[in-house]
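Reading the structure
Given next are the chains, with one letter for each unit.
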Amino acid sequence: GLTCKRDRDRKGRRSSPLYFRPEKMDLVVLDLVEHELRVHASTVGEIKLYVTEFGRHLFNDSCYFAFKKKYTLEPLRKRGRKALICKGIEGMKSVRLRGIDWTWDNAFGHAVKHRASDLFLALAVQKMEIPPGAILKKAVFEVDLTDVDKARRFSIWPPKTTTYGRGEEAALIEQWLRKQGFILLGKKTIGDKADPVVAGT
């Protein structure tokens, strides 16, 4: 349960105080193929508890899973439009970059947001590129899938958050992300805290 709440309960003309504790369901997903533990809970403390206990009960090692960064947007900076190639991903026809946000590590808090139907083309027309020193905060993609009439959009916020959901479409997107280097797990990564979190071996 979550923290107790206080509200008003209305029955006809009568109003009375209502005290209750909302129910909360946490989500833990164990990916046996990629050896990842995905946890969505309310607090970092709860996330750490799940990571520790699932490692202890499933693999007899409370340190089996560790907090790691999962996502990066560096392929967009390093390879540009080539990072969007989806050749070899059966069921995926094309991927476009629709938006990107970046900022700089300085005292001014200067942030830039770009949006376009085809962002790499729009930047090329303006003779612009992703700055080498910018911190990439978010990217919005649009993907065309086989046998799906409407293009699907999804976003990535490094180091651990995405919006591509679940199901077969999500599996295709995840396969593409791994192939193009947007997913770091399985490589040397740096420990970090986040909510929700991905833990990997």
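The text that follows walks through the structure, step by step, so that each part is easy to find.

Next up on the list: the overall build of the chain. Scanning the chain for helices and strands turns up four helices and 11 strands. Within the chain, the fraction of its 201 residues that count as buried is 36%. The long-range share in the chain, meaning contacts at least 24 apart out of those at least 6 apart in sequence, stands at 57%. For the chain, the exposed area adds up to about 12800 Å²; of that, 53% sits on carbon and sulfur atoms.

It is worth spelling out the sheet that holds strand E8 (residues 135-145) at this point. Strand order across the open sheet formed by five strands is E7-E6-E8-E9-E10, with antiparallel pairing between neighbours. Both outer strands of the open sheet, strand E7 (111-115) and strand E10 (161-162), are each paired with one neighbouring strand and no more. Both strand E9 (residues 152-157) and E10 contribute to a ladder of two bridges, which runs antiparallel. Bridging from a neighbouring strand, Trp 157 pairs with Thr 161 of E10.

Counting residues in each nonpolar core, the largest one holds 34 residues, and the members touching the most others are Leu 76, Met 92, Phe 141, Phe 154, Trp 176 and Leu 177. In terms of nonpolar packing, the next biggest core, distinct from the first, is built from six residues, Leu 37, Val 39, Ala 41 and Phe 65 among them.

All right, on to the packing of aromatic side chains then. Using the criterion set out here, one finds nine aromatic pairs in the structure. Taken together, a centroid distance of 5.9 Å and an interplanar angle of 75 degrees make the contact between Phe 59 and Phe 65 edge-to-face. With a relative accessible area of 30%, Phe 59 lands in the partly exposed category. Assessed through its relative accessible area of 4%, Phe 65 is described here as buried. Grouped by ring-pair contacts, the aromatic residues Phe 141, Phe 154, Trp 176 and Phe 182 constitute a single cluster.

So, on to the pairing of strand E1 (residues 5-11). Here E1 runs beside strand E2 (residues 14-20); their pairing, made up of seven bridges, is antiparallel. Paired with Lys 5 across the strands is Phe 20, a residue of E2.

Our focus in this paragraph is the environment of Thr 162. Along the polypeptide, Thr 162 turns up in strand E10. Residues Thr 162 and Ala 139 lie 23 residues apart in sequence; the distance between their C-alpha atoms is 9.7 Å. Not counting the four nearest positions on each side in its chain, Thr 162 is found in contact with Tyr 71, Ser 155, Ile 156 and Trp 157.

To continue, consider helix H1 (residues 44-59). Residues that lie three or four places apart on an α-helix share one face, since the helix turns once every 3.6 residues. Over its 16 residues, H1 extends 22 Å from the first C-alpha to the last, a length consistent with the 22 Å expected when each residue adds 1.5 Å. Phi turns positive, to about 55 degrees, at Asn 60, one or two residues after H1.

The grouping of Leu 30, Leu 32 and Leu 58 at the surface amounts to a nonpolar patch, some 280 Å² of accessible area in total. Along the chain, Leu 58 falls in helix H1.

With that settled, consider the pattern of salt bridges. Applying the stated criterion to the full structure yields 12 salt bridges. Across the salt bridge formed by Glu 174 and Lys 70, the nearest N and O atoms sit 3.2 Å from each other. Placement of the pair is Glu 174 in helix H4 (residues 167-180) and Lys 70 in the loop between strand E5 (66-67) and helix H2 (74-79), with a sequence separation of 104 residues. Across the pair Glu 174 and Arg 178 runs a salt bridge whose closest N-O atoms are separated by 3.2 Å. With Glu 174 and Arg 178 both in helix H4, this residue pair falls four residues apart, about one helical turn.

How each quantity is defined
- Residues numbered from 1 in each chain as written.
- Predicted model: local features only at pLDDT ≥ 70, side-chain atom pairs only at ≥ 80, totals over all residues.
- Heavy atoms only, no water.
- Helix = DSSP H or I, 4+ residues; strand = E, 2+ residues; numbered from the N terminus.
- Buried < 20%, exposed > 50% of the residue type's maximum accessible area, 1.4 Å probe, protein only.
- Contact = heavy atoms within 4.5 Å.
- Areas by Shrake-Rupley, 256 points an atom, 1.4 Å probe, with all protein chains shown as cover.
- Pairing = 2+ DSSP bridges.
- Core = buried A, V, L, I, M, F, W, Y, C linked by side-chain atoms within 4.5 Å.
- Phe/Tyr/Trp six-rings, centres within 6.5 Å; stacked < 30°, edge-to-face > 60°.
- Expected span 1.5 Å × (residues − 1).
- Patch = residues over 30% accessible without salt bridge, like charges linked within 9 Å, V, L, I, M, F, W, Y side chains within 5 Å.
- Salt bridge = Lys/Arg side-chain N within 4 Å of Asp/Glu carboxyl O.

So yeah, pure geometry; function would need other evidence.
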